[in-house]
Amino acid sequence: MLRKIVFYIFIIVYLVLCPLIILDSLGVVIRPKEKKLMMSTGLISIDTIPPGASLYLNGKLFPKKSPAIIRDLAPGSYSVKAELPGYRSWEKEITVETEQATALRSILLIPDKWKVQTIVHKSFIGLTLIEGSPLILLTDRHTGALTVFKWDIGLLDRLALSEDLKSEDWRLSDVFPNSTNFNKMKLIKVITMPQSNYILVFAEVDGKTSSFWIEADDQNKPPRDITALLPFIPDQVRWDRRDPENLFFIVEKKLNRIDVEEEKIFPDLALNIKGFNLFNKKVYWIDSEDGFWESDVSLKNARSLIGHLNKIPKEFQGALEYQIHALSENDFILKDENGRLLTNKLPFQLVEQSVVDFDDHLNDNRLLFWTKNALGIIDFNQTGKEGIFETGPQITWLIQNAENIHQAFWVNKGSHVLFRDDDQVKITDVTSVGKTEMSTLIKTEYPVSYSDALGKLFYLDETTQYLNALTVLPAHKYVTFQLPETFRKKDLR
Amino acid sequence: MAFQYTKENLSKGQKRLQRILEMIPGVLSWSILGGMTFLSFYKPVLASIIAIAFIFYWFLRLIYMTMFLVISFFNLRRHVKTDWLNKIAELNNGSVNPDLPDIDKIYHLIILPVAKEPGSVLEPVVDALALQTFSTQKLMVVFGVEETAPDETKQAIESFLKKYKNVFSEMIAVYHPAGIPGEARVKGANASYAAKHAADVLKTKNINFENVMISCFDADTVVCNQYFACLTYFYLITPDRNRASYQPIPVYNNNIWNVPGFSRVMEIGSSFFQLIEATNPEKLVTFSSHSLSFKALVEMDYWPKDMISDDSAIFWKAYLHYQGRYRVIPLPITVSMDATAADSRYQTFKNVYKQRRRWAYGVENFPILMRGFMQVQEISLNNKIRHIFKMLEGHVAWATWGFLLTTLSWLPAELAGGEYQSSIIYYNEPHVAGTIFRLSTFSLAISIILSIAILPRTNAKLSWLKKLKHIFEWFLMPFVLVFLSALPALDAQTRLMLGKYMEFWVTDKNRKTVK
């Protein structure tokens, strides 16, 4: 009997509470005293880097710190502010819609003073970080020797976890540990590929150009002298990170391949090349007759990528050289010698001219590009429209009055952009369009490197030329997983 | 017409019906899991709403079950010191109840089916029978020994026969030949063979079957010294006593401190489940070691000889045989068995998995019961629906809830993208689920307290440390729920669904310590 009574009580509890919980989860607020009993609301989700910032909505303080979810918000415009001691305050006007969540993800708070540490107390004159690889290449100031900085995955964690880097955490290794005469060589050029631990080094030995193929993170493997195969510096060299045995290069518009393992050269694989690249063990190239081709590495089974067209569309024609970049097997970005930026998707032309370079490493269909004076983002997710006509991906100009942009990097998975303008390295918030706020991190005349995985900017100090690391993303971003505090509008103070 | 409780020798039509019915539980479970995955992909908002409704339902049910667990636990505690012999004597004090059978004529037949268990496992079982407060001269012990049992086991049994020759009214070993036509390699076949032999012995002794209770135990079932007194008392006070099975609470205390944490949590969970079930006699079904009237067993032609789940199958067989006029009486007393153990944690894990799969294979009763209900018209429709719903819901919940509880709160968020990620429910579902899960720790805390109370004392020097460790073992619950509960149940249902029938797998009764 007792069991039956309890059973029916529980059924009633369920039938009453379950719909209420579901309505609440859908953002419907029950207001027994109001004329309109139920009201649909929206919410704001906000998290900051670093967390723990005080949050204000329309000037009113919330009792909990970020990350947080603020619920039960009537539709409308709200001013959101985040404040953390030692950091600049962050503020934004946002619109809340019914049954919708407005997410302010990974808001990077800019510190009043950037944290800088000297990693190696030794002077260098050149610095290259290979994107997606644990290597930094440094050129010794005094000897001109090339030095590799390496951290393994364990160290990567320690880097992310610990704020106090010590120089002994880093393994400094000479690329040529057993070579006695390397210091007599004069370094001419170093070529790297993103995510590849291999580097191609050109050096002057006894007045002649020599080339070395080096597995840079393995000290036990001596550099391979490939001067016999490549006794000069070609116009373009590339290799696929998944297939480091095959080196492709262009000389006098002819595409050649070197099989490093076999020590063989396969010359003149394709003629009149305007540009080429490799992706997923496939070679892509455009020739002087404006054909666009794909083949395996042997180049014996070339396939046209332009279907029944005789030539690539007219928007592409007229260029002498192309820098080809494959985003996937079907998506390409091309840059010609005039800095015109193109894609194989309509409307083909993205930027008319003057593009210096671009960064596509974000993997969210956004491309960061820069000219000498401007910095822009192309968002392939958002297609513009004029009347009934699509105008292609939207371009957002972040900066249009820069002095001379040399480099740019995505930061914090695309919430910010870091760039080197003349001798200043600056950071800007991508989301605050219209009133772009910039912050200067450092001054340097040398190239810099940024790793978003580590959240560090690596650069050579202007005075000492020591290798420094500036913390852009605080380390605890990687180790704390804080569930957002959820609270309601009525909690406002 | 007597319904044949078997899936063998069916007519063509019945065979087809049996096959279709066998597929229902597996199809339902897979549909629920697949459906939720599909909804998470394509209708994530709907999936989130269902998830919230389900998790809240689960929470209320958890609280409901916890309430009855506590009631049942204290009921069990209340009877620990009950002198059941005295209570039997009280029944005859004053005015003698004419309905009561003559207590002196009541006999207990104990069947101990043995497959490969060593003497070290059997000895405490027999010792416990010899220490009963109820007269051991009224106990008849029958070892149902598989002919294929190892020599060591057979020798141990022979030594028991000599040692306890004069302790019990009778103690015999019946060797069950392998490969008898119509039998599968299941415990029910062995137990039935032994019970038939015992029936012959009873006949020669002129003992009326109506006065005999039969207890079919596992080979590791150690009963407390009051078990038969308690059983006799409930047998005497139960109206229509021969139309009932008598179910004690199984605990797994024989070696509970020597098994890995996950196994301990599993076994205590099983005991708790039986404690909760004991509060609902209307829907109680026999499980593991239990007792019933020998007359009823003979009338319904013993246990099914082709089913793995002989413990529950015998109840359903009786329920159909007596056209719904059969029930289970819960006994406020425990019987102790071995927790599954092996030489290594991995092997123990495998053994527990196989044991749970065997238990979950009790779903094989569903198609037979459905056919039975279609044929036996005397059972009310209400009772048919009630029992079928409970059985089907129980098995489907067993196979799916573990997966749903551990995945539903994040699955839509992981699988769906786009618009769903900007919906309110995307943010609210994990919050609601998290709140409910936090509230459910109240139930977990009660389970931990009760488990500490129900566990036997340990001989270890730092017993408090062991108990402290046991508290943390309960946090293995999500792992246990998925890998040692839902997965084996889904495995069992899938086998039945695909017609890949299981045979009996004897659980290792290894007493070795796993550190």
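Trainee: Could you give an account of the interface of chain A and chain B, with specific residues and numbers?
Mentor: Reports often express the size of an interface as the amount of accessible area lost when the parts come together. Taken together, the contacts link 28 residues of chain A with 26 residues of chain B. Of the roughly 2,400 Å² buried at the junction of chain A and chain B (both faces included), carbon and sulfur atoms supply 69%. Taken together, the links from chain A to chain B amount to zero salt bridges. Taken together, the connections running from chain A to chain B amount to 10 residue pairs in polar contact (both at pLDDT 80 or more). If you list the elements that add at least two residues to the side of chain A that touches chain B, you get α1 (2–25), β3 (42–49), β6 (68–73) and β9 (101–108) of chain A. Examining the composition of the side of chain A that touches chain B, we find that 14 residues originate from one element, α1 of chain A, more than from any other. By residue class, the composition of the side of chain A that touches chain B is 15 nonpolar, seven polar and six charged.

Trainee: So what's going on with unusual backbone geometry? Residues and values would help.
Mentor: Residue and element names in this part refer to chain A. Residue P50 is bonded to the preceding I49 through a cis peptide linkage, with omega at -5°. Considering the arrangement of structural elements, one finds P50 in the loop between β3 and β4 (54–57). The residue after S66, namely P67, is reached through a cis peptide bond having omega 5°. Structurally, P67 can be placed in the loop between β5 (60–65) and β6. Its identity as a non-glycine residue notwithstanding, N272 has a phi of 50°, on the positive side.

Trainee: Hey, could you go over the environment of Q117 of chain A for me, with residue numbers and the actual values?
Mentor: Residues and elements named next belong to chain A. Mapped onto the fold, Q117 is located in strand β10 (residues 115–120). Judged by its relative accessible area of 13%, Q117 is buried. For the pair Q117 and I226, spaced 109 residues apart in sequence, the C-alpha to C-alpha distance is 38 Å.

Trainee: Explain the environment of H406 of chain A residue by residue, including any values.
Mentor: All names here are of chain A. Within the secondary structure, H406 is located in strand β35 (residues 405–411). Put simply, H406 and D423 are 17 residues apart on the chain and 9.2 Å apart in space, counted from C-alpha to C-alpha. Sequence-distant contacts of H406, that is, excluding residues within four places in its chain, are made with W370, R420 and D422.

Trainee: Just give me the short version of the packing of aromatic side chains, but keep the residues and values in it.
Mentor: The final tally for this structure, using the stated rule, is 48 aromatic pairs over all chains. Ring centres 6.3 Å apart and planes at 55° place the aromatic pair F409 of chain A and Y450 of chain A in the tilted group. Pair noted here: F409 of chain A is in strand β35 and Y450 of chain A is in strand β39 (residues 449–451), with a separation of 41 residues, a long-range link. There is no split in this pair, since F409 of chain A and Y450 of chain A are both buried. Between F160 of chain B and Y164 of chain B the ring centres are 6.5 Å apart and the planes differ by 55°, which places this aromatic pair in the tilted class. Relative accessible area serves as the criterion here: at 5%, Y164 of chain B is assigned to the buried category.

Reading the values: the criteria
Residues numbered from 1 in each chain as written. Chains lettered and ligands numbered in written order. Predicted model: local features only at pLDDT ≥ 70, side-chain atom pairs only at ≥ 80, totals over all residues. Heavy atoms only, no water. Contact = heavy atoms within 4.5 Å. Buried area = accessible area lost by both parts, 1.4 Å probe. Salt bridge = Lys/Arg side-chain N within 4 Å of Asp/Glu carboxyl O. Polar contact = N/O pair within 3.5 Å; in protein donor to acceptor, adjacent residues only side chain to side chain. Helix = DSSP H or I, 4+ residues; strand = E, 2+ residues; numbered from the N terminus. Nonpolar A, V, L, I, M, F, W, Y, C, P; charged D, E, K, R; others polar. Buried < 20%, exposed > 50% of the residue type's maximum accessible area, 1.4 Å probe, protein only. Phe/Tyr/Trp six-rings, centres within 6.5 Å; stacked < 30°, edge-to-face > 60°.

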